[in-house]
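Tertiary structure, described
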Amino acid sequence: MTRVIIQPASNKDSRKHFVDTVENPVDLLLHQSSAGSDFDKLMQLSENGKVAMWGVTPGKNGANLSKFKKIEVGDFVFFTRDNKVYSTGEVTHIFNNPKLATEIWGTDANNQTWENMYTLKNVESQEIPYPILRNAIGSDSGDNFMGFRPLDSTKSVSALSLIGIQTINWDIKVGEVLKRTAVHSRYGGAGMGGIEPSAKTPNVFIFTSDTGSTYGYNFDEELEDGSFLYTGDGQTGDQDISIGGNKAIVEHRKKGRALRIFEAAEQKTFVRYVGEFELADAEPEVRRAPDGEGNERDVLVFHLLPVGQTKQLTKQKKAPALATVVRQHSEKNTEESHTRKISASTTVATRQEGQLQKRYENYLRLKGFDVDTFMISIPESNAPLRVDLVDFTNEKIIEVKAGLTRGYVREAIGQVLDYVFQLKRIRNEIWKPAILLPGKPSDDLIALIDSLNIELIWEEQDSFKVFTK
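Residues numbered from 1 in each chain as written. Predicted model: local features only at pLDDT ≥ 70, side-chain atom pairs only at ≥ 80, totals over all residues. Heavy atoms only, no water.

Side note on the overall build of the chain
Counting its secondary structure elements, the chain contains 12 helices and 26 strands. Just so you have it, the chain exposes about 23,800 Å², and 48% of that area is on carbon and sulfur atoms. (Helix = DSSP H or I, 4+ residues; strand = E, 2+ residues; numbered from the N terminus. Areas by Shrake-Rupley, 256 points an atom, 1.4 Å probe, with all protein chains shown as cover.)

Considerations on unusual backbone geometry
Residues other than glycine seldom take positive phi values, yet Asn122 does so here, at roughly 55°. With respect to the helices, strands and loops of the structure, Asn122 is situated in strand β6 (residues 116-129). The phi torsion at Gln461 lies on the positive side, around 55°, for a residue other than glycine.

Observations concerning helix α11 (residues 406-427)
For α11, spanning 22 residues, the distance from its first C-alpha to its last is 31 Å, which sits close to the expected 32 Å at 1.5 Å a residue. Among the residues making up α11, those that are buried are Val409, Ala412, Ile413, Val416, Tyr419, Val420, Gln422 and Leu423. Contacts from the buried residues of α11 go to β17 (324-328), β20 (371-377), β21 (385-386), β23 (396-400), β24 (432-437) and α12 (443-451). Asn428, located one to two residues past α11, shows a positive phi value of around 55°. (Expected span 1.5 Å × (residues − 1). Buried < 20%, exposed > 50% of the residue type's maximum accessible area, 1.4 Å probe, protein only. Contact = heavy atoms within 4.5 Å.)

Looking at helix α6 (residues 130-137)
When α6 is considered as a whole, its buried residues turn out to be Tyr130, Leu133, Arg134 and Ile137. Looking down the long axis of α6, one finds its buried residues gathered within 100° of arc, a one-sided arrangement. Residues of α6 that are buried in the fold lie against β1 (4-8), β4 (76-81), β5 (84-96), β6 and α7 (153-161). Just downstream of α6, Gly138 is the residue with a positive phi angle, here 75°. (Arc of directions from axis to C-beta.)

Quick notes on the packing of α11 against α12
At their nearest, the axes of α11 and α12 sit 11 Å apart, and the two run at 5° to each other. As summarised for this structure, α11 and α12 are arranged roughly parallel, according to the angle between their axes. For the pair α11 and α12, contact is made by Arg406, Val409 and Ile413 and by Asp444, Leu445, Leu448 and Ile449, respectively. Tallied by class, the residues present in the contact of α11 with α12 amount to five nonpolar, no polar and two charged. (Axes fitted to C-alpha atoms, helices over the stretch in contact; angles between N-to-C directions. Parallel < 35°, antiparallel > 145°, perpendicular 65-115°, else oblique. Nonpolar A, V, L, I, M, F, W, Y, C, P; charged D, E, K, R; others polar.)

Topic: the packing of aromatic side chains
In the structure shown here, the tally under the stated rule is 21 aromatic pairs. Relative to Tyr363, the ring of Tyr360 has its centre 5.8 Å away and its plane inclined at 20°; by these criteria the two rings are stacked. Within this pair, Tyr360 and its partner Tyr363 are both found in helix α10 (residues 352-366), separated by three residues, close to a single helical turn. A network of ring pairs unites the aromatic residues Trp170, Tyr187, Phe205, Phe207, Phe262 and Tyr273 as a single cluster. Taking the ring centre of Trp170 as reference, the NZ or CZ of Arg260 above it sits at 3.9 Å. Across the ring face of Phe392, the terminal group of Arg327 is positioned such that the distance to the ring centre comes to 3.9 Å. (Phe/Tyr/Trp six-rings, centres within 6.5 Å; stacked < 30°, edge-to-face > 60°. Lys NZ or Arg CZ within 6 Å of the ring centre and 35° of its normal.)

A look at the nonpolar core
One recurring pattern in soluble globular proteins: nonpolar side chains tend to sit buried together. Membership of the largest hydrophobic core comes to 25 residues, with the highest contact counts inside it found for Phe374, Ile376 and Ile397. Looking at this core, the elements that each hand over two or more residues are β20, α11, β24, α12 and β25 (455-460). In this structure, Tyr230, Val274, Leu279 and Phe302 belong to the second largest nonpolar core, which totals 17 residues. (Core = buried A, V, L, I, M, F, W, Y, C linked by side-chain atoms within 4.5 Å.)

Describing a nonpolar patch on the surface
A cluster of nonpolar residues, Leu417, Leu448 and Leu452, forms a patch on the protein surface that exposes about 200 Å² of accessible area. Mapped onto the elements of the fold, Leu417 is located in helix α11. (Patch = residues over 30% accessible without salt bridge, like charges linked within 9 Å, V, L, I, M, F, W, Y side chains within 5 Å. Salt bridge = Lys/Arg side-chain N within 4 Å of Asp/Glu carboxyl O.)

A word on the pairing of strand β10 (residues 203-208)
For a regular strand, side-chain orientation follows a simple rule: the groups alternate between the two sheet faces. By the criterion of burial, β10 is predominantly enclosed, with six of the six residues buried. By the alternation rule, side chains of β10 split into Asn203, Phe205 and Phe207 and Val204, Ile206 and Thr208, which are all buried. Relative to β10, strand β9 (residues 195-197) runs antiparallel, the two sharing three bridges. Note that in β10 the partner of Pro197 across the bridge is Val204. Counted along the chain from β9 to the antiparallel partner β10, the turn is five residues long. In terms of strand pairing, β10 meets strand β13 (residues 258-264) through six bridges, oriented parallel. Within the sheet, the bridge partner assigned to Thr208 lies in β13 and is Glu263. (Pairing = 2+ DSSP bridges.)

Side note on the sheet that holds strand β3 (residues 50-56)
Taken together, the seven strands give an open sheet; going across it, the order is β2-β3-β6-β5-β4-β1-β7, and neighbouring strands pair in mixed fashion. What marks the edges here is a single partner per strand, and that holds for β2 (26-27) and β7 (149-150). When β3 meets β6, the two strands line up antiparallel, connected through five bridges. Counterpart to Gly55 in the pairing with β6 is Met117. In the packing of α6 onto the sheet, the strands contacted are β1, β4, β5 and β6, and the crossing angle to β6 comes to about 110°.

A word on the pattern of salt bridges
Summed over the entire model, instances satisfying the criterion amount to 21 salt bridges. When the shortest N-O distance is used, the salt bridge between Arg149 and Asp143 registers 2.9 Å. In this structure, the salt-bridge partner of Glu411 is Lys401, at a minimum N-O distance of 3.4 Å. In this pair, Glu411 sits in helix α11 while Lys401 sits in the loop between β23 and α11, placing the two residues 10 residues apart along the sequence. Here the residues in one salt-bridge network are Arg327, Glu361, Arg365, Asp370 and Asp372, joined through shared partners.

Written as structure tokens, this is what we have:
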């Protein structure tokens, strides 16, 4: 259950603490030593190394300890003062660290520190007068919310409704098989998409099935630790994190929604409930895969962590995939820049490799060479392999890199040798591997490339050079 924690912050100390560590999140790098073993976890939860943080003292005779133990990740904290709830936040981590608490907040008049700590996200200003809160949770007119107080389940449901979060009992059991229409009839959400947020209940329904591979949804996978990779929403073009089901997943904590995964059952139109999950990372991984029209595009892959008991997915037999090699126009991969919506703002990533690739392609075409690229699909990988350039005239596979450092060179070696290997395996064709760099690398890297019988090409002024001994 999602619990509401009443957290008074009205005296001089707590008002200052709220400003210092909630309104202005804690800079973790300034407290790495005192954070100790909690540092790595706190950094994972942080945004740019900063995280909102609060703490509770043990209280007289340890009076606060039993109440503090009731707090769970996902609970909502209602900060109270001046006859109102003035802020709320969602708990993301719970820990005990007297050294860190003392360094941040010092000690109170009883020489106690606020060592029972929790971190917060989605901190939002509120204006909920005490009479409204009292009426919602059924407390008497003299209740001024003076003490640290976790509410019970019934009162929490009522309090959450004041900030727009509606809760409802979930009674579908893990492993239960039922019609998909029955899920939506009881809990809301549309009946067609792979990601369906419900307006009726605080849930986002996620459906996984083998049929999604038609649209490049190739990355759904249950990992050994019980977590789950799920391919985002969008059948054509680059998938967008800021719209539709993708946005619903990213904002599920902020909206107080549970992520509930269902897998396709053996009987058509039926689904099996796998369990509740939560988003592990703030942003999904971006991978490449074809869309429903066969065009390569960016897809989002969310990493979801299990919440409580979940069911291992049924291992369904998939039709064996075929290895294919398809010639494509190289222009698809040589744009000077591309836009990708990763957060609220749109970022533009300059593709230096694409610019270099385009210059070399034009250079080869002026010589009358036949140049394009290959898309290689192999059964062992969900993502197709896209070759940067193919010189068909001279039977060369060319990998392009934007840098001259060892990292760039080692990556290029691995990629180009993989392409050549796959073409030999799939079509029994022998191609010459080549690497194109923006300049001449160091002598040891030249020797490394040459030792592997890979041709080295680099740009020099307005032309291109090939290494010869």
